[in-house]
Amino acid sequence: MTAQHNNLKQPSPWLTMPTRYSWWVLLATIAIILISTLGGKNLYFRGDYDIFFDGQNAQLRAFDEIQTTFAKSDNLAIVIAPASGDVFEAETLTLLQKLTKDAWQVPYSSRVDSLANFQHTEAFEDDLIVEDLLLDDYPLTAERIEKIKRIALTEPVIKDALISQDGDVTVVNVTVQMPEIDETAEILEIVGSVDSLIAKYQAQYPNVTFHKAGIIAMNYAFMTSAQQDSATLVPTMLLVILVFLTFMLRSFLSVIATLVVIIGSVAATMGLSGWAGMFLSTATVNIPTLVMTLAVADCVHVIATMRQNLKKGYSKAYAIDQSVAINFMPIVITSVTTAIGFLMMNMSDSPVLRDFGNLAALGVMIACFLSVSLLPAMLKLLPVKVKVVDEKSAASQDFMDKLGDAVVRYRRALLPISALVIAVSATLLPLNKVNDESVKYFDTRSDFRQAADFMEQHISGMTTISIAVKTGESQGIGDPKFLQTMGDFTQWLRSQPETDHVATLSDVYKRLNKNMHGDDDSYYKLPLDRELAAQYLLLYEMSLPYGLDLNNQVNVDKSSIKLVVTVDNLGSVELVELENRIYNWFANYAPQYQVVASSPSLMFAHIGETNMASMLSTLPITLVLISALMVFALRSTRLGLISVVPNMAPAIIGFGLWALLSGEINLGLSVVVTLTLGIVVDDSVHFLSKYQRARKQGQSAEQAVRYAFHTVGRALWITTVVLVAGFSVLAMSSFRLNSDMGQLSALVIFIALVVDFVFLPALLMRFDTTSYVEESQDKLNPVSATPATQTQS
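Residues numbered from 1 in each chain as written. Predicted model: local features only at pLDDT ≥ 70, side-chain atom pairs only at ≥ 80, totals over all residues. Heavy atoms only, no water.

S.K.: Explain the overall build of the protein chain here, please?
M.R.: On a plain count of helices and strands, the protein chain comes out with 27 helices and 12 strands. Each principal axis of the C-alpha atoms in the protein chain carries an extent, and together these give about 115 × 50 × 45 Å. Counting over 793 residues, the protein chain shows a buried share of 60%. For the protein chain, the exposed surface amounts to about 31600 Å²; the carbon and sulfur share of it is 58%. Across the protein chain, the centroid of the 56 positively charged side chains sits 17 Å from that of the 76 negatively charged ones. (Helix = DSSP H or I, 4+ residues; strand = E, 2+ residues; numbered from the N terminus. Buried < 20%, exposed > 50% of the residue type's maximum accessible area, 1.4 Å probe, protein only. Areas by Shrake-Rupley, 256 points an atom, 1.4 Å probe, with all protein chains shown as cover. Lys, Arg positive; Asp, Glu negative; His and termini not counted. Charge placed at Lys NZ, Arg CZ, Asp CG, Glu CD.)

S.K.: For this particular structure, what's the right way to read empty space enclosed by the protein?
M.R.: Unoccupied space between atoms shows up once a probe the size of one water molecule is rolled over them. Throughout the structure, instances matching the rule amount to six cavities of 30 Å³ or more. Its volume calculated, the largest cavity comes out at about 100 Å³. What lines the largest cavity is simply Leu294, Ala297, Asp298, Thr334, Ser335, Thr338, Val364, Ile679, Asp682 and Leu723. When residues of the lining of the largest cavity are traced back to their parent elements, those giving at least two are helix H9 (287-311), helix H10 (316-343) and helix H24 (672-696). Its residues assigned to classes, the lining of the largest cavity shows five nonpolar, three polar and two charged. The volume enclosed by the second largest cavity comes to roughly 70 Å³. Forming the boundary of the second largest cavity are Phe52, Ala283, Leu353, Phe356, Leu667, Gly668, Phe735, Leu737, Asn738 and Met741. Those elements giving two or more residues to the lining of the second largest cavity turn out to be helix H11 (351-371) and helix H26 (736-767). Of the residues forming the lining of the second largest cavity, the biggest block, three residues, is contributed by H26. Residue composition of the lining of the second largest cavity, grouped by class: eight nonpolar, two polar and no charged. (1 Å grid on protein atoms, 1.4 Å probe; cavity = no way out; pocket = protein on both sides within 12 Å on 5 of 7 lines; lining within 4 Å. Points joined across faces, edges and corners; volume = space filled by probe spheres on them. Nonpolar A, V, L, I, M, F, W, Y, C, P; charged D, E, K, R; others polar.)

S.K.: I would appreciate a short explanation of the nonpolar core in the present structure.
M.R.: The biggest cluster of nonpolar side chains holds 213 residues, and the ones touching the most others in it are Phe52 and Phe342. Both domains that meet at this core, namely domain 1 (74-217) and domain 2 (407-447 + 603-769), each give it at least three residues. In this structure, Ile465, Phe482, Phe586 and Ala605 belong to the second largest nonpolar core, which totals 42 residues. (Core = buried A, V, L, I, M, F, W, Y, C linked by side-chain atoms within 4.5 Å. Domains from an automatic or database assignment.)

S.K.: Is there a simple way to think about the domain arrangement of the protein chain in this case?
M.R.: Examined at the domain level, the protein chain breaks down into domain 1 (74-217), domain 2 (407-447 + 603-769) and domain 3 (472-592). Relative to domain 3, the C-alpha centre of domain 1 lies at a distance of 23 Å. Each partner contributes to the interface: domain 1 provides 21 residues, whereas domain 3 provides 21 residues. Here domain 1 meets domain 3 over a buried area of about 1600 Å², counting both sides, of which 56% is carbon and sulfur. Its largest share of buried area at the contact with domain 3, domain 1 owes to Arg111, Gln119 and Leu128, together 34% of the area lost on that side. One can count one salt bridge joining domain 1 with domain 3. One salt bridge in this structure joins Glu155 and Arg511, with 3.2 Å as the shortest N-O distance. Between the two partners, domain 1 and domain 3, sit eight residue pairs in polar contact (both at pLDDT 80 or more). Among the secondary structure elements, those contributing two or more residues to the side of domain 1 that touches domain 3 are strand S2 (109-113), strand S3 (119-124) and strand S4 (127-132). In terms of residue count, the dominant contributor to the side of domain 1 that touches domain 3 is S3 (five residues). Tallied by class, residues from the side of domain 1 that touches domain 3 come to 10 nonpolar, five polar and six charged. (Contact = heavy atoms within 4.5 Å. Buried area = accessible area lost by both parts, 1.4 Å probe. Salt bridge = Lys/Arg side-chain N within 4 Å of Asp/Glu carboxyl O. Polar contact = N/O pair within 3.5 Å; in protein donor to acceptor, adjacent residues only side chain to side chain.)

S.K.: Would you take a moment to explain the UniProt feature "domain: SSD" (unreviewed entry) in the protein chain for this structure?
M.R.: Here the UniProt feature "domain: SSD" (unreviewed entry) sits at residues 256-381 and 639-766. Secondary structure over residues 639-766 splits into 84% helix and 2% strand, and the C-alpha atoms at its two ends are 12 Å apart. (UniProt positions renumbered as here; feature names shortened; annotations may be inferred.)

S.K.: Would you mind going over the environment of Ser84 with me for this structure?
M.R.: By the element assignment, Ser84 lies in the loop between strand S1 (75-82) and helix H4 (90-103). Sequence spacing of Ser84 and Leu239 is 155 residues, and the spatial spacing of their C-alpha atoms is 48 Å. Reaching out from Ser84, the side chain makes a polar contact with the backbone nitrogen of Asp86 at a distance of 3.4 Å. A polar atom in the side chain of Ser84 sits 3.1 Å from the side chain of Glu89.

S.K.: Explanation requested: the packing of aromatic side chains in the structure shown.
M.R.: Centre distance and the angle of the planes are the two values used to describe a pair of aromatic rings. Within this structure, the stated rule accounts for 22 aromatic pairs. Measuring from centroid to centroid gives 5.4 Å for Phe52 and Phe222, while their planes differ by 40 degrees, and the two rings are tilted. Taken together, the residues Phe52 in the loop between helix H2 (22-37) and helix H3 (58-69) and Phe222 in helix H7 (residues 215-249) connect sequence positions 170 residues apart. Comparing Phe52 with Phe222, the two get one shared label, buried. Between Phe442 and Phe448 the ring centres are 5.3 Å apart and the planes differ by 75 degrees, which places this aromatic pair in the edge-to-face class. Given a relative accessible area of 1%, Phe442 falls into the buried group. What links up through ring pairs into an aromatic cluster is the set Phe52, Phe53, Phe222, Tyr441, Phe442, Phe448, Phe604 and Phe735. A cation over an aromatic ring shows up here: Lys525 above the ring of Tyr523, its NZ or CZ 5.7 Å from the ring centre. (Phe/Tyr/Trp six-rings, centres within 6.5 Å; stacked < 30°, edge-to-face > 60°. Lys NZ or Arg CZ within 6 Å of the ring centre and 35° of its normal.)

S.K.: How do you make sense of the side chain of His501 when you look at a structure like this?
M.R.: Structurally, His501 can be placed in strand S9 (residues 499-503). Within the local environment of His501, its side chain forms a polar contact with the backbone oxygen of Val157, the two atoms lying 3.1 Å apart. The contact partners of His501, leaving out residues within four places of it in the chain, are Pro156, Val157, Ile158, Lys159, Asp160, Ala161, Val564, Val565 and Thr566.

S.K.: Help me understand the sheet that holds S1 in this model?
M.R.: Across a sheet, paired strands are connected by hydrogen bonds in the backbone, their directions being either parallel or antiparallel. Judged by pairing direction, the sheet is antiparallel, and its four strands sit side by side in the order S2-S5-S1-S6 without closing on themselves. Each edge of the sheet is formed by a strand with only one pairing partner; in this case those strands are S2 and strand S6 (208-213). With strand direction ignored, the average angle separating the axes of adjacent strands in the sheet is 20 degrees. Relative to strand S5 (residues 170-176), S1 runs antiparallel, the two sharing six bridges. Bridging across to S5, Ile78 finds its partner in Val172. Contacts from helix H6 (residues 183-204) reach S1, S5 and S6 within the one sheet, and its direction differs from that of S6 by about 170 degrees. Here H7 sits on the sheet and contacts S1, S5 and S6; the angle it forms with S1, its principal contact strand, is near 100 degrees. (Pairing = 2+ DSSP bridges. Axes fitted to C-alpha atoms, helices over the stretch in contact; angles between N-to-C directions.)

S.K.: Would you mind showing me how to read H4 here?
M.R.: Owing to its 3.6 residues per turn, the α-helix aligns residues three or four sequence positions apart on the same side. In this model H4 runs 20 Å from its N-terminal to its C-terminal C-alpha over 14 residues, within 8% of the 20 Å that 1.5 Å per residue would give. Within H4 the residues assigned to the buried category are Thr92, Leu93, Leu95, Leu96, Gln97, Leu99, Thr100 and Ala103. Looking at the buried side of H4, the elements it contacts are S1, S2, helix H5 (142-152), S5, H6 and S6. (Expected span 1.5 Å × (residues − 1).)

S.K.: Any chance you could explain a nonpolar patch on the surface here in plain terms?
M.R.: On the surface, Leu431, Leu657, Leu660 and Leu661 cluster together into a nonpolar patch covering about 410 Å² of accessible area. Along the polypeptide, Leu431 turns up in the loop between helix H15 (411-428) and strand S7 (433-434). (Patch = residues over 30% accessible without salt bridge, like charges linked within 9 Å, V, L, I, M, F, W, Y side chains within 5 Å.)

S.K.: Any chance you could explain the sheet that holds strand S8 (residues 463-470) here in plain terms?
M.R.: The strand order S9-S10-S8-S11 describes an open sheet built from four strands, whose pairing is antiparallel. A single partner strand is all that each edge strand has here, and the edge strands are S9 and strand S11 (594-598). The sheet shows a mean angle of 20 degrees between the axes of neighbouring strands, direction not considered. Here S9 pairs with strand S10 (residues 560-567) via four bridges, running antiparallel. Looking at S10, one finds that Ala503 is bridged to Val564.

S.K.: Please clarify how the pattern of salt bridges should be interpreted in this entry.
M.R.: Where side chains of opposite charge bring their charged atoms close, a pairing between them can arise. On inspection of all chains with the given rule, the structure shows 23 salt bridges. One salt bridge connects Lys200 with Asp102, and the closest N-O pair in it is separated by 3.0 Å. Placement of Lys200 in helix H6 and of Asp102 in helix H4 is noted, with a sequence separation of 98 residues between them. Taking relative accessible area as the criterion, Lys200 reaches 39% and is therefore assigned partly exposed. When salt bridges that share partners are traced, they join Glu498, Glu577 and Arg581 into one network.

So, in structure tokens, the structure goes:
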């Protein structure tokens, strides 16, 4: 269509460039996107758990100290479960012997522990015999198997660690020393080798079930969950966007234009991250899904307003220009506030969550830029057509107009009801507890989760805590006082309800003392003589084969020892509480010894709590910045302050409902408030900008609310549906941090629409009673002018 609009105030020349120089804008923006995208070649993927912690993390530093002092404990455990339910059969024990030997060939393996090579000690006349429990020299006769069973099920070193209490499941534990040049490649190499081993023995022993557990398996699970998400969630999101936009906009060409902006935003964001030297991780691999979702919101507002103008009979160029002019400030403000919300994630203690926030903020601003440059240029060039509709007849059938009328009619009831819902939700907030359980980060469909659950049911949990105890003197571990303290501590640890197993040098000392006294059971106790203890340990160490020494429990100068307690798969609260009990025990009974406790599980247990604390501490700053931007954008302190409550209400109601649905806040959920706050502002900014426009035209608060519903209600509904759909796709992730984040974010965003359609209008009609300085209607609402004569362009 072509039309003359000489009587109307024209938008800024900058905002009309996409329609005046469409081809140039199109080529320039695509060139920028392509240059940015080239950085994607620098991207690489990291899936190890270290990426969740920075170098200053106290638990990571403690763990690194333990790993440096003693042999590294990165492991992959092969769980073996014969269908017969009895490990102590010749066939299964033969499998164990073969698999133990082959496991030494796993890349980077430094140690292999199993029943087969457990270094059993016993006295033979005046000699100490140290040999493999399943030594090849002995045939597996019924008598021999019975002896092996008796030893295995009574020896505390291996019971509940390498063999279950019932003898139905056993474990081959492979300890690896990775060079850490490329951890991801090294992990893939290790898991690939173990998979080949399992496949080999699965074919030979079809009645045996194998599982993979341990830290290496957990790292591999982090990687595979991220890869599965990128392979399934991103295409699903694209499909969801395509379907929803086609259905709601009813314009295939408009959807194509939106998809180009979405793909351009994602490609530029990931490319720029590559130029910046960043890497992809379990968290940041979902950035494309998030950027897609956020880019839609900007595009929908521009397209929806353009279509409204076209329906009124205006020319396409004019309809696009006015749409950009009307939506420019709200889009910029919502993008900036959303970016601020994401940038506040820089206060997180987790590096990958900081990367997530920075990339999301970058993606939001790129989407903002493309939605007011590339999108209008494409809309101008594409043959988008809209049927002209009589405004009065269209309005009479418009659902948003009916909803606006209902909100105005029942405003006196809606305000107290909304306030009551918010107040009740606020009372539910304390029911939420910060609780991370790293094993349950993975869906029950995950092989790792199935292995962890199987191990917990049959042998022990997969959660461990390494405890280094330092005497402060060379050869100090032979001191009778220290030995007695370790014996008492081991006994105390085993009495804790969560404990499944304790790997401690005390058991070795007791067994050696018994052996050196002719295997007399009455001597199964600690040798409380320093010289004797030192001799026992030296004799034992000299008898051990290569690779099975005690450097995983004793440091070089024998001034420190390491215990490893294996517990049920606890949540972070229970795990931290156990850690505190350990430190308190030493503070009360052995304050002279320095103690360091840590493990990957303990690191994850702490980070969720510290992350939530840091996120909550930044919330007031975020609120102040967003409120200041609202005041600036609307040029009204009153409207800016009124918007604060509706902007906070969705998070309050959302977390209140979450307390009833789950009540557990993990690492992923600890960022939802800051993540969604900026997105929530999108609805209120657009609603308030249209409301304020009407008020400045001299309309009452009630009329202005109706005007806001009429002009922006449908666009808000579309953007919310697409945002909720996008986060719901994220909720399908097999990685719980992402799925919980997706679920709660979708819930909060939907609540935000309800709040902005119900509570915000009620607030405005109750408290925004001051008269506005009227401005020219043409200046404020150029699209309300009489349409010019229509002709097809």
